[in-house]
Amino acid sequence: MRDKKWFFIVNSTAGRGKTGKKISKLVTTLNEHKLDYEIELTKAAKHATQLAKDAIVQGFQNIISVGGDGTLNEVVNGVMLSGKSEEVNIGIIPEGGGNDFAANFNLSSNIDKAVDVLQKFNLRKIDVGKIEDKYFINALGIGFDARVAIISNTIKYLNGLPRYLIAVLKALFSLKMVEANIKCDTCTLNEPFLLLSVGNGMSTGGGFLLTPEARVDDGLLDICLIKKVNRRRVLSLLPSAIKGKHLKEPEVVIHQTLKIEITTKEPIPIYYDGELPKLNDPLNFTIELLPKKLNLIC
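Residues numbered from 1 in each chain as written. Predicted model: local features only at pLDDT ≥ 70, side-chain atom pairs only at ≥ 80, totals over all residues. Heavy atoms only, no water.

Peer 1: Got a sec to walk through the state of the cysteines? Specific residues and values, please.
Peer 2: Taken as a whole and assessed by the stated rule, the structure comprises one disulfide. Between Cys184 and Cys187 runs a disulfide, and the two sulfur atoms are separated by 2.2 Å. In this structure, the disulfide formed by Cys184 and Cys187 twists by about 130° around the S-S bond and is classed as right-handed. Residues Cys184 and Cys187 agree in their burial class; the two are buried. Of all cysteine sulfurs, the one in Cys187 lies closest to Cys224, which takes part in no disulfide; the gap is 12 Å. (Disulfide = S-S within 2.5 Å. Buried < 20%, exposed > 50% of the residue type's maximum accessible area, 1.4 Å probe, protein only.)

Okay, here's the thing in structure tokens:
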């Protein structure tokens, strides 16, 4: 597979535009490594999904996402929707604001180091999350963390964890608990809660380790639910949540599962991999894990 052409999907606006400044360096490095490649720049939202699908039709077997978690999510959806996910290899050059998924593998945004990783061509089969007809690869959030993600997308002057922390403080002003019935393989929860984080990977929000024990290839989703709390308690939980030391706090519920069924009386804030999806049925939906569905170059 490694001898086939490489197809790079670049989001030049990722990381507040820093990715666009590295394109010439990427081209130079790829030429130095004598890779047979093509590069396409995304032109609009969801364009990376179509580019990935088209590349697979054309016979490319190595699809590389150059951007952040949102770009990677679009590429993953393109690969999954192609129906050939187990025949295709995905690589990452993490150039976004958070790069939470890449953190699972300590992947570098340095172009030389990233291309070295691609050339070493170590493959690992990883799990993929699914909600309705959409896919996610790192994390899905419901409630407070989804509100924070919505707010963080409006902050233009910061990246990564600092941007997320500012968004957290802004979200606190309109703090609202979520009411929903949650059913998973090992639990049923039906009390108001602050947030529900569903992790395939360890971190979200540019470095919050809400599901620190999650592994992308263990065949399970990790659930972190934080029960009803006040503003002061949210602030006291933040430092431990950043470090993944919150799991034994009394308001925190941890489970592992293959499937989560959620029912609610009104639409609730939801996001995954930096994206804000529109669900077909926002009052009744299922989140599930598809084990070993992607080949990751890492």
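Peer 1: Requested: an account of the pairing of strand E13 (residues 259–263), with residues and values cited.
Peer 2: Of the two faces of E13, only the one carrying Ile260 and Ile262 is buried; Lys259, Glu261 and Thr263 on the other face are not. Examined bridge by bridge, strand E8 (residues 181–184) and E13 share four bridges and lie antiparallel to one another. Opposite Lys183, over in E13, you have Glu261 as the bridge partner. Relative to strand E15 (residues 284–297), E13 runs antiparallel, the two sharing five bridges. Counterpart to Ile260 in the pairing with E15 is Ile287. (Helix = DSSP H or I, 4+ residues; strand = E, 2+ residues; numbered from the N terminus. Pairing = 2+ DSSP bridges.)

That is the geometry; function is a separate question.
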